[in-house]
Structure formats: C-alpha cells, structure tokens
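Geometric and topological summary
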Amino acid sequence: MPFADELIGTPTARALTTAIRAAAPAARLTALRAAPGRFDALGLRERSDLLRDALLADLPGDYATFAATIRAARDGDRPFAGWLIWPVTSAVAAKAIAERTDTAFDDALALLAELTPRLTSEFALRPLLDHDPDRALATITTWTTSPDPHVRRLASEGTRPFLPWATRVPGLLTRPGITLPILHALHRDDSEYVRRSVANHLNDLSRDHPDLVVDTAAGWLSEPGGNTPALVRHALRTLVKRGHPGALRLLGFAPVDVDTTGPELSASSVPFGGTITFRASIVNTELDPVRIAVDYTVHHRKANGGQTGKTFKLTTRTLAPGERLDITRDHSFRPITTRRYHPGEHGLELHVNGASTGRADFTLLPPRET
C-alpha cells in the first residue's frame, strides 16, 4: 500500500506513540507500539482506524482524562501534526460518544476545532454529527465567525453531504437545507480555502436538491461580493454538466438559436484502450451575440447491456451573429481506475446550453486476446 505508507505508515505511528508517551509517561502504549506490525495490506482509512482503536485501548478511563492527555500532547515539544491527527481526532469523537454526556460531546467539538489546523478534523466530525446533528450544528455554526480560516473551513467541509473519504451522515442527507446557514455565513469569506469548501458543499447538495442549490446561488448573486461569481460557477459545475436549465440560465447560458453539425465520428468502432475523434460545428443564427456552453456526453455501455452517461466540458464562448465555432476533440478509452469499460454499443452526444444537439453511436471493441 505505497499511498497509505506515505501518509499513515510506521513513521506516523511512531510519532504518535512518542507524543502520547511524553504526555502520559505512565501509559504502557502496548497497542500503539504494536500497530505498525499490522499495517500490511491495510488501506489508509483502515490504518487510521487501527491507530484510533489502539489509542483508545492504551488510554482507558473517562473522556476528561483522555482529552487532557491529547491536549498535553498537542502542547508538548514532540511533533503532533500531520496525518497522525486523523486517528487522534477520531478517537476523541469515539470517546465522547461512548461517554454519552453533553459535557463530553461539547468538549469533543471544541477539541476538534483546536486540532483541525494541524491537518483536519473533518472526518472525525461525522460521527458527532450522526450522534446528535442538532447539537453538533449549533456549535459548528458558531465556527463560521472564528478568526482561524481552518476552523471556518471545518464548519463547511465537515458538514458536506458527500465529503470524500468520509462516512455518510443520514441526518444531513434527509434534511435538505439544514447546513445552509453555514454556507450563507461563509460564501463571502476572505479566504479562498474557505470559499472553495463552500462551493464544493453546495455542489454536493446539487446531487439531490438542484432547485434548492440554484435558488441559493441566485440569492448570493443578487448581492454578490467580488468572489461570488467564481464561487457560484464552481458550485454549479455538476448542474451545468447535467444541463440544468436554471443553473445554465443563472450563469448566462439561456436557450439559443444555433445551427449545429455533428458530432461526426472518425470511426464506427474503437479498439479497446484506443481513441475516437469527433468533430462538430456551431453557427450563431441569431441577430445578436450569444453565449454558449458546449459539453458532450459519452453514453457508456454497462455490464447489464444498458447505458450510463458521463459528461465532459468542451468550451464556453460568445459567438457573434453568423460566427461559426469548429470543434475537434479526441476521447480516450485507455484503462483508468475510476471506470470499467464494457465492449459494445456506446454513444456520443453534444449539448449546447444544456440542450442536446445531436448524437452518434459507435462500438467499443473487446480487448485483444494475448
């Protein structure tokens, strides 16, 4: 597991053990010392969970004593930052939930905010949100006024509906809009680090609640800050790819009257792992300039014989009356880890401002036998 070794490997485990030993010299730390010997074949999250469980096993007792040890390690002279923070914050959350008191729960949130500048506490925030979303959000919302951009970002990032690498929180998925007060408070933040999180959070919401997202973005654009248009464009990227009319209209891409030729394919079949080229032309037939967003969707064959579409951005342009835009693009079917290709019929569809303007079908050939 080379990737996991670089982030949470033996040096990380040893650094964590050294810092905790300095903070709690009487603790034997048997589980922490043994943990690196169990890393083989474990992924990144599994290694973090292993260190979390080792930390909890080596520091028994109540939450207050545990938190005091973590704060002592944080304030000590041994390194206490980087990827070792993930299992530490996860252990803080687990310890607080197990104690089942409001005092422990509230202090765990405070400790996560204290630790987040050292890596991030976003993953550890999830079990606390799952355990008591309303109590957690009441505290998290106050972080939006923190002078530390890492804490402000934690408010947005830790509450994202589909935070990468993180567990899902049903309370965030079944109550649309519950996190909007956080986004409203942060969308004009001075830090791009924070604003990027807000945009990604709003984009997460667009998966299941597109109209809510468009209405929110429209409200922000009605009184924009200097960075609001860029934030909104990033937040609406998934809806733009889907051709959502409200999102496109909000970004200035209204329905247009254009003549489109294509897509014309370079071949009717593509070797497995090969590339297909397509061409298209778009002419503005209106009497005024038009803004266009041009995308294409590849309809991939699924294992059951159906098809599923994946949309790719081509270009955004303003065309003068009578102006013509010629497009040529290569699309590769080389193997990638995020997609499995199935031989058979595929399709390629062109979109202008979200409206389909033509489709061409082709066949992806089976891999050659070796």
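Residues numbered from 1 in each chain as written. Predicted model: local features only at pLDDT ≥ 70, side-chain atom pairs only at ≥ 80, totals over all residues. Heavy atoms only, no water.

**Some remarks on the packing of aromatic side chains**
Scanning the entire structure with this criterion turns up nine aromatic pairs. With a centroid separation of 6.3 Å and an interplanar angle of 40 degrees, the aromatic rings of Trp83 and Trp165 are classed as tilted. Of this pair, Trp83 sits in the loop between helix 5 (63-75) and helix 6 (85-99) while Trp165 is found in the loop between helix 10 (149-157) and helix 11 (170-173), placing the two residues 82 residues apart along the sequence. You can call Trp165 partly exposed: its relative accessible area is 45%. Pairing Tyr296 with Phe312 gives two aromatic rings, centres 5.3 Å apart and planes at 25 degrees, and the pair type is stacked. Here the residue Tyr296 occupies a position in strand 4 (residues 290-301), and Phe312 occupies one in strand 5 (residues 307-319), the gap between them amounting to 16 residues. Judged by its relative accessible area of 3%, Tyr296 falls in the buried class. (Phe/Tyr/Trp six-rings, centres within 6.5 Å; stacked < 30°, edge-to-face > 60°. Helix = DSSP H or I, 4+ residues; strand = E, 2+ residues; numbered from the N terminus. Buried < 20%, exposed > 50% of the residue type's maximum accessible area, 1.4 Å probe, protein only.)

**A short note on the pairing of strand 3 (residues 275-284)**
Counting buried residues along strand 3, seven of its ten residues qualify, which places the element largely inside the surrounding structure. Two elements, strand 1 (residues 258-265) and strand 3, share six bridges in a ladder whose sense is antiparallel. Across the sheet, residue Thr261 finds its bridge partner in strand 3, namely Ser281. Looking at chain direction, strand 3 and strand 6 (residues 324-332) are connected through nine bridges and run antiparallel. Along strand 6, the bridge assignment pairs Ile282 with Leu325. (Pairing = 2+ DSSP bridges.)

**So, the pattern of salt bridges**
As enumerated under the stated definition, the model contains 18 salt bridges in all. Ionic pairing is found between Asp77 and Arg78, a salt bridge with its closest N-O pair at 3.3 Å. Under the relative-accessibility criterion, Asp77 is labelled exposed at 69%. Taking the shortest distance from any N to any O, the salt bridge between Arg135 and Asp102 comes out at 3.7 Å. Placement of Arg135 in helix 9 (residues 133-142) and of Asp102 in helix 7 (residues 102-115) is noted, with a sequence separation of 33 residues between them. By sharing partners, the salt bridges in this structure join Arg71, Arg74, Asp75, Asp107 and Glu114 into a single network. (Salt bridge = Lys/Arg side-chain N within 4 Å of Asp/Glu carboxyl O.)

**Re the sheet that holds strand 8 (residues 355-364)**
The five strands lie next to each other as 2-8-7-4-5, forming an open sheet whose pairing is mixed. Strand pairing shows two members of the sheet lacking a second neighbour, strand 2 (269-270) and strand 5, which therefore form its edges. With nine bridges connecting them, strand 7 (residues 344-352) and strand 8 associate as antiparallel partners. Across the sheet, the residue bridging to Leu350 is Gly358, located in strand 8.

**What to know about unusual backbone geometry**
Generally, phi is negative for residues other than glycine and the peptide bonds are trans, each holding for most cases. Put simply, Gly262 and Pro263 share a cis peptide bond, and its omega is 10 degrees. With respect to the secondary-structure elements, Pro263 resides in strand 1. Residue Leu29 is not a glycine yet carries a positive backbone phi of 55 degrees.

**Here's the deal with helix 6**
Every α-helix winds through 3.6 residues per turn, so residues three or four apart in the chain are directed the same way. Helix length check: helix 6 (15 residues) gives 21 Å between terminal C-alpha atoms against 21 Å at 1.5 Å per residue, within 8%. The element helix 6 is largely enclosed, with a buried count of twelve among its 15 residues. In this structure, the buried residues of helix 6 make contact with helix 2 (10-23), helix 4 (44-58), helix 5, helix 7 and helix 8 (122-131). (Expected span 1.5 Å × (residues − 1). Contact = heavy atoms within 4.5 Å.)

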